[in-house]
Amino acid sequence: MEFINEKYINSLIDDESLKDSDLQFSIIEKARLKMGITLRESAALLNITDSKVLEKLFDAAKSIKENIYGNRLVMFAPLYLTNACVNNCLYCAFRKDNKDLVRRTLSVDEVESEARQLIMDGHKRLLLVCGEHPKKSNLDYVGKAIERIYSIDYNGNNIRRVNVNIAPLSTEDFKRLHSFEIGTYQIFQETYHYETYSKMHPSGPKKDYAFRLHAPERAFEAGIDDLGIGALFGLTDYRFELLAMLMHAEYLEKTIGVGPHTISIPRLEPATNAPAANTPPLAVDDLSFKKMIAILRLAVPYTGIILSTREKPELRRDLFNVGVSQISAGSKASPGGYKSESDNPTNEFGQFQLGDHRSLDEVVKDVCEQGYMPSFCTACYRSGRTGDRFMELAKTGKIGAICTPNAFATFKEYLLDFSSNGYSEKSETELMKQVEKLPEKEKKATIRMIEKLEKGERDVFF
Ligand code: SF4
């Protein structure tokens, strides 16, 4: 189907010669050069069973991520606009045949109060999400919502980057979406396996596999050059899905000259009246999931790897160590979820069950205790460092010198305005210790930004 060559992918999965641990070991060592690895090599690493080689894989993934992006973990939260949808995806509670779901579409004022709540929690980046509905989630509405979100100011704190995960559009409509000054346009193929895709999407515009598959190219043509791809793991063999997603990344690199800015790896979670979510056809166990994320980091070293709150806190902690670079925190998966008090996991408006119900502040505290630096940075896209310009900086090892000081500054801002007393003092000390370790030029830039923040300035970055 298209450029996803199922026959070739299956031949890699069945290739006995790729089960050799010496070969796997040499591939891991090669990957430390941060040049990525081939599809064939990724397939070999999927076969790792030897625990020593597995440890090598995890170690390599951690060091590659930290070598490129430092120890920062970028934070964001989803904001659901509506759960109205004309599609019928068998893994989603928003599907049109789910008659038990209370349908809700936020007014622009309600969007503002949701976003204001997230700003008051300390967030700076949002991912806008909505079901596909010609009336309830059309571009006029999405545009008004984004405009309103960017207009909110709370003592100098605001949402500085709105990423968007909405249904695929025509090139002309992507130009309109681009004009709303969005950050990343994210679209998940859900599954690259054509037969499974047809089964999971029995009706609605989402049935069109090819229109969805080629959406990133249309978005790029329209001027959106930070693109996010992903798949919903558990619908088909995770090895097939991972290799197909890497094939997609390669294809984008070849056709539009830049690979995906981010890759998301959601796993199926229970959802009301969603048969495929409640009985996943091919659920992915935790160890295979961890292995998959590490292989992704080796295969596409410069791509952001996004881990959501679908996963439980203890597993998320572990997965931070194998190359994850962006995480959602304090999330709600329902329209109006931030303002509505009810936080039962499967509330009547929700898309799926969350695994991590902690607040942003609890996650920030935990991330610090693990030695990572929470980052709320949005500097690159506001400085024109997007698409191939971003990748150029990443591939030449220059991005770290920008990421780390900006991460420190946004964390300092968070500590000054949002952190609970329980840990801010300790984190302040830890933060300054890490600043001291920076190379001279970055140290000076970071201290200058921190001084400005202490004097009351906000939103400082370079
Ligand atoms: S996955 Fe998206 S398109 Fe499918 S039913 Fe859910 S909201 Fe609609």
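Residues numbered from 1 in each chain as written. Predicted model: local features only at pLDDT ≥ 70, side-chain atom pairs only at ≥ 80, totals over all residues. Heavy atoms only, no water.

1. So, the environment of Ala 215
Here's step 1: Within the element layout of this structure, Ala 215 appears in helix H10 (residues 215–221).
Here's step 2: Taking the C-alpha atoms as reference points, Ala 215 and Phe 174, 41 residues apart in sequence, are found 9.2 Å from one another.
Here's step 3: Sequence-distant contacts of Ala 215, defined by excluding residues within four places in its chain, comprise Pro 168, Phe 174 and Ile 187. (Helix = DSSP H or I, 4+ residues; strand = E, 2+ residues; numbered from the N terminus. Contact = heavy atoms within 4.5 Å.)

2. So, the nonpolar core
Nonpolar side chains in soluble globular proteins generally cluster together in the buried interior.
Here's step 1: Core analysis: the largest hydrophobic core is formed by 130 residues, its most contacted members being Leu 177 and Tyr 185.
Here's step 2: Among the elements that take part in this core, helix H11 (residues 238–256) stands out by supplying 12 residues, more than any other.
Here's step 3: Setting aside chain neighbours within four positions, we find Leu 177 in contact with Leu 139, Val 142, Val 164, Ile 166, Leu 169, Ile 182, Tyr 185 and Ile 224.
Here's step 4: One finds Leu 268, Ala 277, Phe 352 and Leu 354 within the second-largest nonpolar core, a separate group that totals 23 residues. (Core = buried A, V, L, I, M, F, W, Y, C linked by side-chain atoms within 4.5 Å. Buried < 20%, exposed > 50% of the residue type's maximum accessible area, 1.4 Å probe, protein only.)

3. With respect to the pairing of strand E1 (residues 72–82)
Here's step 1: The buried fraction of E1 amounts to 11 of the 11 residues, a majority that puts the element mostly inside the structure.
Here's step 2: Where E1 lies against strand E8 (residues 326–328), three bridges are found, and the strand directions are parallel. Across the sheet, Val 74 pairs through a bridge with Gln 326, a residue of E8.
Here's step 3: Where E1 lies against strand E2 (residues 125–130), five bridges are found, and the strand directions are parallel. Counted as the bridge partner of Thr 82 is Cys 130 from E2.
Here's step 4: Assessed by its sense of winding, the connection that carries the chain from E1 through helix H5 (residues 108–121) to E2 is right-handed. (Pairing = 2+ DSSP bridges. Right-handed = clockwise from strand over helix to strand, strands pointing away.)

4. What about the packing of aromatic side chains?
Here's step 1: Within the structure shown, the criterion is met by nine aromatic pairs.
Here's step 2: Ring geometry for Tyr 80 and Phe 94: centres 5.8 Å apart, planes at 85°, overall edge-to-face. Here the residue Tyr 80 occupies a position in strand E1, and Phe 94 occupies one in the loop between E1 and H5, the gap between them amounting to 14 residues. Neither Tyr 80 nor Phe 94 differs from the other in exposure class; each is buried.
Here's step 3: By the ring-pair criterion, three or more aromatic residues cluster together here, those being Tyr 194, Tyr 197 and Tyr 209.
Here's step 4: Across the ring face of Tyr 381, the terminal group of Arg 161 is positioned such that the distance to the ring centre comes to 4.7 Å.
Here's step 5: Over the ring of Phe 58 we find Lys 290, and its NZ or CZ is 4.3 Å from the ring centre. (Phe/Tyr/Trp six-rings, centres within 6.5 Å; stacked < 30°, edge-to-face > 60°. Lys NZ or Arg CZ within 6 Å of the ring centre and 35° of its normal.)

5. Let's talk about the domain arrangement of the chain
Here's step 1: Split into domains, the chain comes out as domain 1 (6–65), domain 2 (72–376) and domain 3 (385–454).
Here's step 2: Using C-alpha coordinates to define each centre, domain 1 is positioned 33 Å away from domain 3. (Domains from an automatic or database assignment.)

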